[in-house]
Amino acid sequence: MALNAWQRTIIDDTGAAIPDAELEVFIAGTTNKPDIFEDASGSTALTNPFNANTNGFARFYVEGGAYDITATGNGSSQTWENVQLGNAQRYDTGTADNELPTQADIRNYYGVSYQPSVCPTIDCNFAEGVSRLYDGRKMSEQDDETIFSVTRGSEATYIAPNGRIKTAGVDELRYQYDPETGEALGILIEEQRTNLLTYSEDFTKDDWVKTNATIDSTNTIVAPDGENDAQKIVEDTQTAVTHGVFKRPSYTDGKTYTLSSFVKASERNFVQIKLHGHQASFDLSNGSVPYANSSIDDYGIVEHPDGWYQIWITQTFISGDAQLTLIGPAKEAGFDGHVYDGDGTSGIYVWGAQVEEGPAPSSYIPTTDAQVTRGKDRYERTLGDEHNPIEGTVLIEISEIRNGNSNGEVVKLMGPNTANGENFIWFRQVSPQGYVDLFCRVDGTTTADSSNLQLPAIDKKAAFTYHQDSGYVLYIDGNEMDAFTGVGLVPTNVDTIKSDGAVYSARAIKYYPRALSATELEELTK
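Each chain carries its own residue numbering, running from 1 in the direction its sequence is written. For a predicted model such as this one, the threshold for reporting local features is a pLDDT of at least 70, and the threshold for listing and counting side-chain atom pairs is 80 or more; totals across whole chains, interfaces and linings nevertheless cover every residue. Side-chain figures throughout are based on the complete set of non-hydrogen atoms in the structure, without hydrogens or water.

Trainee: It is not clear to me how the sheet that holds strand β5 (residues 50-51) should be interpreted in this structure. Could you clarify?
Mentor: Backbone-to-backbone hydrogen bonds pair the strands of a sheet. The strands run either parallel or antiparallel. Taken together, four strands build an open sheet; the order of strands is β5-β2-β7-β8 and the sheet is antiparallel. With partners counted over all chains shown, the strands left at the sheet margins are β5 and β8 (76-85), one partner each. Relative to β5, strand β2 (residues 22-27) runs antiparallel, the two being bridged by two bridges. Bridging from a neighbouring strand, Leu23 pairs with Phe50 of β5. Only when DSSP finds a minimum of two bridges between them are two strands counted as paired. What counts as a helix is a DSSP run of H or I of at least four residues, what counts as a strand is a run of E of at least two, and both are numbered from the N terminus.

Trainee: Honestly, the pairing of strand β31 (residues 347-357) in this entry has me stumped. Any pointers?
Mentor: A regular strand places its side chains so that they alternate between the two faces of the sheet. Summarising burial for β31: 10 of the 11 residues are buried, a large majority. Across four bridges, the pairing between strand β20 (residues 230-235) and β31 is antiparallel. Residue pairing in the sheet places Gln231 in a bridge with Val350 of β31. Throughout, exposure labels follow a simple rule: accessible area from a 1.4 Å probe, protein chains only, divided by the maximum for the residue type, with under 20% read as buried, over 50% as exposed, and the rest as partly exposed.

Trainee: Sorry if this is basic, but what is going on with the sheet that holds strand β18 (residues 209-211) here?
Mentor: Reading across the sheet, the six strands line up as β18-β22-β29-β24-β25-β26 and stay open at both edges, with antiparallel pairing between neighbours. Edge positions in the sheet fall to β18 and β26 (288-292), since each has one partner strand and no second. Between one strand axis and the next, the sheet turns by 20° as a mean value, whatever way the strands run. Structural elements are reduced to axes, namely lines fitted to C-alpha atoms, with helices fitted over the stretch in contact, and the angle between N-to-C directions of any two is expressed from 0 to 180 degrees.

Trainee: Got a minute to help me understand the packing of aromatic side chains in this structure?
Mentor: To pair, rings of Phe, Tyr and Trp, with the six-membered ring standing in for Trp, must have centres within 6.5 Å; the planes then decide the type, stacked if under 30 degrees apart, edge-to-face if over 60, and tilted in the middle. Applying the stated rule across the entire model yields 13 aromatic pairs. Ring centres of Phe262 and Tyr364 lie 6.2 Å apart, and the angle between their planes is 80°; on these two criteria the pair is classed as edge-to-face. With Phe262 in strand β23 (residues 256-265) and Tyr364 in the loop between β31 and β32 (372-374), this pair connects stretches of sequence that are 102 residues apart. With relative accessibility at 6%, the residue Tyr364 sits in the buried group.

Trainee: Looking at this structure, how should I read the environment of Tyr364?
Mentor: Sequence separation of Tyr364 and Thr157 is 207 residues, and the distance between their C-alpha atoms is 6.2 Å. Side-chain polar atoms of Tyr364 contact the side chain of Ser200, separated by 2.6 Å. In the analysis that follows, any N or O atom pair within 3.5 Å is treated as a polar contact, provided that within protein one partner can donate a hydrogen and the other can accept it, and provided that, for residues neighboring in sequence, both atoms belong to side chains.

Trainee: Mind showing me how you'd approach the pattern of salt bridges here?
Mentor: Think of it this way: side chains of opposite charge can pair up when their charged atoms draw near. Here, a salt bridge means any Lys or Arg side-chain nitrogen found within 4 Å of an Asp or Glu carboxyl oxygen. In this structure the tally under the stated criterion is 29 salt bridges. The salt bridge involving Arg164 is made with Asp306; its shortest N-O contact spans 2.9 Å. Taken together, the positions of Arg164 in the loop between β13 (156-159) and β14 (165-168) and Asp306 in the loop between β27 (298-303) and β28 (308-316) put the pair 142 residues apart, joining distant regions of the chain. Overall, Arg164 belongs to the buried group, its relative accessible area being 18%.

Trainee: Before we go on, may I ask you to explain the side chain of Asn388 in this structure?
Mentor: With respect to the secondary-structure elements, Asn388 resides in the loop between β33 (378-382) and β34 (391-401). Ignoring any residue separated from it by four or fewer positions in sequence, one finds Asn388 in contact with Tyr466, Tyr511, Pro513 and Arg514. Whether two residues touch is decided by their heavy atoms; if any such pair falls within 4.5 Å, the residues are in contact.

Trainee: Honestly, the nonpolar core in this entry has me stumped. Any pointers?
Mentor: One recurring pattern in soluble globular proteins is that nonpolar side chains are buried together. Core analysis: the largest hydrophobic core is formed by 42 residues, its most contacted members being Phe427, Tyr472 and Tyr504. The contacts of Tyr504, once residues within four sequence positions are left out, are Ile187, Leu188, Ile189, Tyr379, Ile396, Ile398, Glu400, Ile401, Glu409, Val410 and Ser499. What makes a nonpolar core is a set of buried Ala, Val, Leu, Ile, Met, Phe, Trp, Tyr and Cys residues whose side-chain atoms join them at distances within 4.5 Å. Phe203, Val271, Ile301 and Phe317 belong to the second largest nonpolar core, which has 30 residues in total.

Trainee: What is the right way to read the environment of Asn405 from this model?
Mentor: Its place among the elements puts Asn405 in the loop between β34 and β35 (408-418). Once the C-alpha coordinates of Asn405 and Glu191 are considered, the two residues, 214 residues apart in sequence, prove to be 8.1 Å apart. Filtering out sequence-adjacent residues up to four positions away, Asn405 remains in contact with Glu191, Arg193, Glu357, Gly358, Pro359, Ser431 and Pro432. Polar side-chain contacts of Asn405 include one of 2.9 Å to the backbone oxygen of Glu357.

Trainee: Is there a simple way to think about the confidence of the model for the protein in this case?
Mentor: Low pLDDT marks stretches whose predicted atomic positions should not be read closely. pLDDT measures the predictor's confidence residue by residue and takes values from 0 up to 100. Looking at the protein, pLDDT values average 91 and 93% of them are 70 or higher. Counted against residues more than four places away or in other chains, residues 88-92, with its pLDDT under 50, gives seven contacts.

Trainee: Would you mind going over the pairing of strand β22 (residues 244-247) with me for this structure?
Mentor: Residues Gly244 and Phe246 of β22 are buried on one face, and the alternating residues Val245 and Lys247, pointing to the opposite face, are buried as well. Pairing between β18 and β22: three bridges, direction antiparallel. Considered in β22, the bridge of Val209 is made with Phe246. Examined bridge by bridge, β22 and strand β29 (residues 325-330) share three bridges and lie antiparallel to one another.

Shown next as structure tokens:
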């Protein structure tokens, strides 16, 4: 009989994870300790007490019963009393009177995810910081960068749990967090992008033209990366004019660009940014966008800690448009909100200006005296004992997916090309149209090409199965999206799994060496 799981990320009173927290499990109401295990089969025992991992994540398996669980660390202690494991009928799961709870109700109550009958042989839970791999004998916990080889060829930034912008080294995975809530979003994967704006943090340089404004670089404040170097754009006393800083990068006709910057209110609560002559107003007192040209392709504002916001607009450049990029304070929202009488002292704080070719902002790329290119993220694994070439299932849990400049590999199973062409099973991001689909080839012949699926940008679970004798099935968020039935639709020489050039954050990726049933796919992707 399978044991029952309890798992949780241990956090302190501020919501921060407690690395290596110590956990102790007792039979409820006693000082007696039960036997606890690392796995559902009970083959590997855990010490009691035991420690969470370096990300604060803890999990154990135990026989059904009621337990008291205590966690301590970083000066914090907390206890969960009378935790029922394997006794769901004793608790209200939120269903109606006289209505039995479904399996999903019970899982939701206990905060555990659905587990199919087949064990995944690649089980990477990036958001939880726990990843396991079948090593030819058993599942063993391993580092993500041991399971996958990672290449990017450059440093790159990401958002840490405290909301600060941090820098990952060359070819390091980036673990992304929500800047507002601190929620773990998993690994950040992006296509190649270039910041076209030099001196992205130093607006005193002559590269930035000051129009009826000066830059205060003496009375700096803490920037989004935690350094005390954020400068202030200060308006002068000219009347009925624009106040701010601008540049004129070179743009290509027909290409789409995004201007973004981090800004913080000082004496002025409004900021105006302009790209190719198209502009938007942002209200830094409440994080809103009270005005945007109807001609703008897209725009947005995202809250960061300490009163900072990242703001952005996207616009396709058309020959004849003004090759102008402007950031400046505004007295009010509206087309001419940035045209006013200055008082000589008021302004806004600004940091991290960026213009990139693309339909949405990517992670921040710092620059000094030259443009900087961030390489595309790629992770890859040569498959071994964990792989079944006859049948299998891939699950990917996406926390965010954003449009890119070209098609990207969200996840791809591939084999060597033959004399006749390519062999792959590809769950791809179709950009810049903003779709996902399942696209497969055997010896250069397309054997599956699902309808382009327009999906919301966040919180997707997608899984596809393959079988040499029956073809493919694709499920997303509990629904069958497409199926391709027949023999010979699946390449027989798959030897690699990878992700390359897509634009998304992944909470988890799992590979199962069996083609899961429709019921399992539905439950797994809910």
